[in-house]
Amino acid sequence: MTRRIKKVAIIGSGIMGSGIACHFANIGVEVLLLDIVPRELTDAEKAKGLTLNDKAVRNRIVNSSLTNALKSKPSPIYQKRFAERISTGNLDDDLAKIKDVDWVMEVVTERLDIKKSVFDQVEKYRTPGTLVTSNTSGIPIKFMNEGRSQDFQENFAVTHFFNPPRYLKLFEVVPGPNCKQEVTDFLMMYGDKFLGKTSVLAKDTPAFIGNRIGIYGIMSLFHVVKEMGLTIEEVDKLTGPVIGRPKSATFRTIDVVGLDTLVHTANGVKDNCPNDEMRDKFVIPDFVNQMMENKWLGSKTRQGFYKRVTGENGKKEILSLDLNTLEYRKKQRAKFATLDLTKSIDNVVDRFKVLVGGKDKAGEFYRKSFASMFAYVQNRIPEISDELYRIDDGLRAGFGWEHGPFQIWDAIGVAAGVELMNNEGYEPAAWVIEMLEKGETAFYTVKNGATYYYDVPAKAQVKKPGQDAFIILDNIRKTNEVWKNSGVVIEDLGDGVINCEFRSKMNTIGGDVLAGINKAIDLAENDFQALVVGNQGANFSVGANIGMIFMMAAEQEYDELNMAIKYFQDTMMRMRYSAIPTIAAPHGMTLGGGCELSMHADKVVAAAETYIGLVEFGVGVIPGGGGSKEMALRAQDLFHQGDVQLNVLQEHFLAIGMAKVATSAYEAFDMNVLQKGKDVVVVNRERQIAEAKKHALLLADAGYTQKPMRKDVLVLGKQALGTFMVGTDSMKASRYISEHDQKIANKLAYVMAGGDLSEPTRVSEQYLLDIEREAFLSLCTERKTLERIQHMLKTGKPLRN
């Protein structure tokens, strides 16, 4: 029987429950969110004359929880109206409704007695065959199974989300002893394909995979910090982006998650894993116990390892905790010679050998921490997983690591990792020594574009399952390379489709990238059927290379700048008007020029987590790569729908003027940056390139024909220009915008109105591109524009002047 999930019930509306409910709503599933009935009235309810029998009171807990979740930042929901897919209720009045759902998920407090009580009630109303799962982070399934029917046990598993459910990709699936294999297989598939997660099959052991290893890493680090006398700033410098970890690194992450959460999980492992050889590392250090006693838990108590205060001058500043005195002090700058050696190494994976070879305190720290981590993960096989790749997947998806422990070990070298362990007093596992003796020198290999891993029971390299739905560019870049320069690599994706992958810093679009795009189109038109423009970096593109623009403008090389902007515009128009279909695959930050490129592709296959917008106002210019033209064109394409033409144009004008950035791909549809009926969204980013290829082939197979450039764009001329300029005058007079802001807005108004034409007129795209370029260049002559660009280059933040 094919199982379909149309409706789910989430029992427990706390932070996790409401977040999970929102994410199911994100993917189009109807959700019933339930919680307990309050036992007493609030003062506000008493003032209104309500009683405990009123529905508003009975659903107060669930409604309040969901409302708070929807207000939280970052938002748990892709688009506000998706929350309409969630209905709320309480366990006394509405639990019987679970008979109509396809999946019941328990997300109540971590107490076995409460969970068992919930399952008692679920048994009364669920339809046989309905999935039942728990989001527990560690209560053994055998205890939750006690007293349950056979059908319940056969359809019961743990499905463990990480918080926040929308953003963290780990989805641990832990089947119970009597869970049917088809249920496990379904949950693994659903997490990947529908929820957009990395599904990791885990065993029913304390803390499963992600938390068992991740929390060990933090607890082990606590001991290293005290041993080496490191400051929290030094540790966060050493454990952040330089090794492919989030900017929040270690101590900032603990502050965000909550020290109490860390302590609870660590104690759980210590108490329930008596045979863990590193059990002593899970013992809570004295300084952490003191912080717990002081209620210094992090963001939730407004102080933890860091504390935000208001200084004497009224400015906010962040203080750091001295781990020796447990007193807050001003932040200290952390600097290490070893880290300086990695500045020229763009690929994180290539830094690890340099880091462990460091001659300073940083090198010593990395040798100690990596040796400890390698020693721990080697002994978790087969305890928590039979396959080593699941441990790496768990840490990457749950903790935001760019590389898992075994991948880092590979980067250093397996034999070198063994030497690190020996030097720190750790004994290599027998299977690792046996692997090396067999001549296997890596945990992972790549063959024919697929990843293979060393399977410990098989004592051989085995293909990692589940890859057939993915195209992994790292695996095919060398073998399938068609052409490359300093900014792009063009790869053959097979079946007549090539991909243009940006490889510049932060995937900025400069001359080398533009040349690569043009070359890709040339190749596709001559030798292939279609082109995808996509990459698997952290972000699709943060926009044009503003450093290049600044240099040309500062040197007053306006002819060269004009040519560069025209080259950008012409390249965007080639994306739209070529002999082959072009697909853009944006994800993450897709700003400025990255947005313009996406808007000019024949189709966009966007990751759900795409933050896209035309943000050029922040550096004192208007979109000059066709973005201003395109928003005017898209506005006029909506004129026929009956709305007042000027109002439609104004909405598009404000999207640029306010530098709006969509917080999801679905929001981008509301901005008309993505287009309904044409562009599509993929929830799992790992599937994105493969999906883009499918859509490229669909367009090619349908008989794609090159279109002529449009000459029918209706512009409103003076009617729109006058209205917009009155608006900017009013905003300037009210001091909402500066004089320079007004100048930029008026230039944009001129372009989107089609100039100062006396009446609405049909013009060509090229006409709009020409006045767009003219406006862009004129702004580049402004001193205040150069100041804004320079400020952005120095700080990464926009300047208002």
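Residues numbered from 1 in each chain as written. Predicted model: local features only at pLDDT ≥ 70, side-chain atom pairs only at ≥ 80, totals over all residues. Heavy atoms only, no water.

**Q** Would you mind going over the overall build of the protein chain with me for this structure?
**A** When helices and strands are tallied, the protein chain shows 33 helices and 25 strands. Here the C-alpha radius of gyration of the protein chain, 28 Å, is about what a compact globule of 801 residues would show, namely 28 Å. Expressed as a percentage of its 801 residues, the buried residues of the protein chain come to 55%. Each charge class in the protein chain was averaged separately, 101 positive and 102 negative side chains, and the resulting centres sit 3 Å apart. (Helix = DSSP H or I, 4+ residues; strand = E, 2+ residues; numbered from the N terminus. Rg over C-alpha atoms; globule rule 2.2 N^0.38 Å. Buried < 20%, exposed > 50% of the residue type's maximum accessible area, 1.4 Å probe, protein only. Lys, Arg positive; Asp, Glu negative; His and termini not counted. Charge placed at Lys NZ, Arg CZ, Asp CG, Glu CD.)

**Q** I would appreciate a short explanation of the sheet that holds strand S21 (residues 603–607) in the present structure.
**A** The sheet built from 7 strands is open, its strands ordered S15-S16-S17-S18-S19-S21-S23 with mixed pairing. One side of each edge strand has no neighbouring strand; the edge strands of this open sheet are strand S15 (481–484) and strand S23 (680–682). Strand-to-strand twist in this sheet, taken as the mean axis angle between neighbours without regard to direction, amounts to 20°. Here strand S17 (residues 497–502) runs beside strand S18 (residues 530–534); their pairing, made up of 4 bridges, is parallel. Of the residues in S18, the one forming a bridge with asparagine 499 is valine 532. Lying over the sheet, helix H22 (residues 511–527) contacts S15, strand S16 (488–494), S17 and S18, oriented at roughly 175° with respect to S17. (Pairing = 2+ DSSP bridges. Axes fitted to C-alpha atoms, helices over the stretch in contact; angles between N-to-C directions. Contact = heavy atoms within 4.5 Å.)

**Q** Just to check I follow, could you spell out the pattern of salt bridges for this structure?
**A** For side chains of opposite charge, pairing can occur when their charged atoms come near one another. Counted by the stated rule, this structure contains 57 salt bridges. Two residues, arginine 60 and glutamate 45, come together in a salt bridge whose shortest N-O distance is 2.8 Å. Taken together, the residues span a long stretch of sequence, with arginine 60 in helix H4 (residues 60–71) and glutamate 45 in helix H2 (residues 43–47) at a distance of 15 residues. You can call glutamate 45 buried: its relative accessible area is 8%. Notably, a salt bridge pairs glutamate 630 with arginine 576, separated by 2.9 Å at the nearest N-O pair. Of this pair, glutamate 630 sits in helix H26 (residues 627–636) while arginine 576 sits in helix H24 (residues 558–576), and the two are 54 residues apart along the sequence. (Salt bridge = Lys/Arg side-chain N within 4 Å of Asp/Glu carboxyl O.)

**Q** Could you clarify how one ought to interpret the layout of surface pockets in this entry?
**A** Put simply, the second largest pocket is a space of about 410 Å³. Residue lining of the second largest pocket: 17 residues in total, with Gly138, Ile139, Pro206, Gly268 and Asn272 positioned closest to the centre. It is helix H12 (residues 259–272) that provides the largest number of residues to the lining of the second largest pocket, a total of 7 residues. Grouping the amino acids of the lining of the second largest pocket by side-chain chemistry returns 6 nonpolar, 8 polar and 3 charged. (1 Å grid on protein atoms, 1.4 Å probe; cavity = no way out; pocket = protein on both sides within 12 Å on 5 of 7 lines; lining within 4 Å. Points joined across faces, edges and corners; volume = space filled by probe spheres on them. Nonpolar A, V, L, I, M, F, W, Y, C, P; charged D, E, K, R; others polar.)

**Q** Even after reading the chapter, I still don't get the packing of aromatic side chains, so can you show me in this structure?
**A** Where two aromatic rings form a pair, the distance of their centres and the angle of their planes describe that pair. All chains considered together, the criterion is met by 35 aromatic pairs. Aromatic pair phenylalanine 24 and tryptophan 103: ring centres 5.4 Å apart, planes at 85°, arrangement edge-to-face. Taken as a pair, phenylalanine 24 in helix H1 (residues 15–26) and tryptophan 103 in strand S4 (residues 103–106) lie far apart in primary sequence, 79 residues in all. The two residues phenylalanine 24 and tryptophan 103 agree in class, both being buried. When the centroid spacing of 6.1 Å and the interplanar angle of 55° are considered together, the rings of phenylalanine 282 and tyrosine 376 count as tilted. Here phenylalanine 282 is found in the loop between H12 and helix H13 (286–294), whereas its partner tyrosine 376 is found in helix H16 (residues 361–378), with 94 residues between them in sequence. The ring centre of tyrosine 306 lies 4.1 Å from the NZ or CZ of arginine 252, which sits over that ring. (Phe/Tyr/Trp six-rings, centres within 6.5 Å; stacked < 30°, edge-to-face > 60°. Lys NZ or Arg CZ within 6 Å of the ring centre and 35° of its normal.)

**Q** Could you clarify how one ought to interpret the nonpolar core in this entry?
**A** Ranked by size, the top nonpolar core spans 110 residues in total, and within it Phe222, Phe251, Phe305, Tyr366, Phe406 and Trp431 carry the most contacts. Excluding residues that lie within four positions of it along the chain, phenylalanine 406 makes contacts with Val377, Gln378, Ile381, Leu388, Ile391, Asp392, Trp431, Phe443 and Tyr444. Counting 83 residues, the second-largest nonpolar core is a separate cluster that includes Ile521, Val533, Met631 and Ile789. (Core = buried A, V, L, I, M, F, W, Y, C linked by side-chain atoms within 4.5 Å.)

**Q** How should the environment of valine 763 be read in this particular structure?
**A** Residue position: valine 763 is located in strand S25 (residues 761–763). Looking at valine 763, the relative accessible area reads 8%, which means it is buried. Once the C-alpha coordinates of valine 763 and valine 446 are considered, the two residues, 317 residues apart in sequence, prove to be 53 Å apart. If we skip the residues at most four places from it in the chain, valine 763 touches Lys711, Asp712, Val713, Val715, Leu757 and Leu768.

**Q** I tried to follow the pairing of strand S9 (residues 306–310) on my own but got confused; where do I start?
**A** Side-chain direction in a regular strand flips from residue to residue, so the side chains alternate between the two faces of the sheet. As defined by bridge partners, S9 adjoins strand S10 (residues 316–322) across 5 bridges and the pair is classed as antiparallel. Note on S10: the bridge partner recorded for arginine 308 is isoleucine 318. Turn length for the S9-S10 hairpin, with the two strands adjacent in sequence and antiparallel, is 5 residues, and the turn residue glycine 314 shows positive phi of about 85°.

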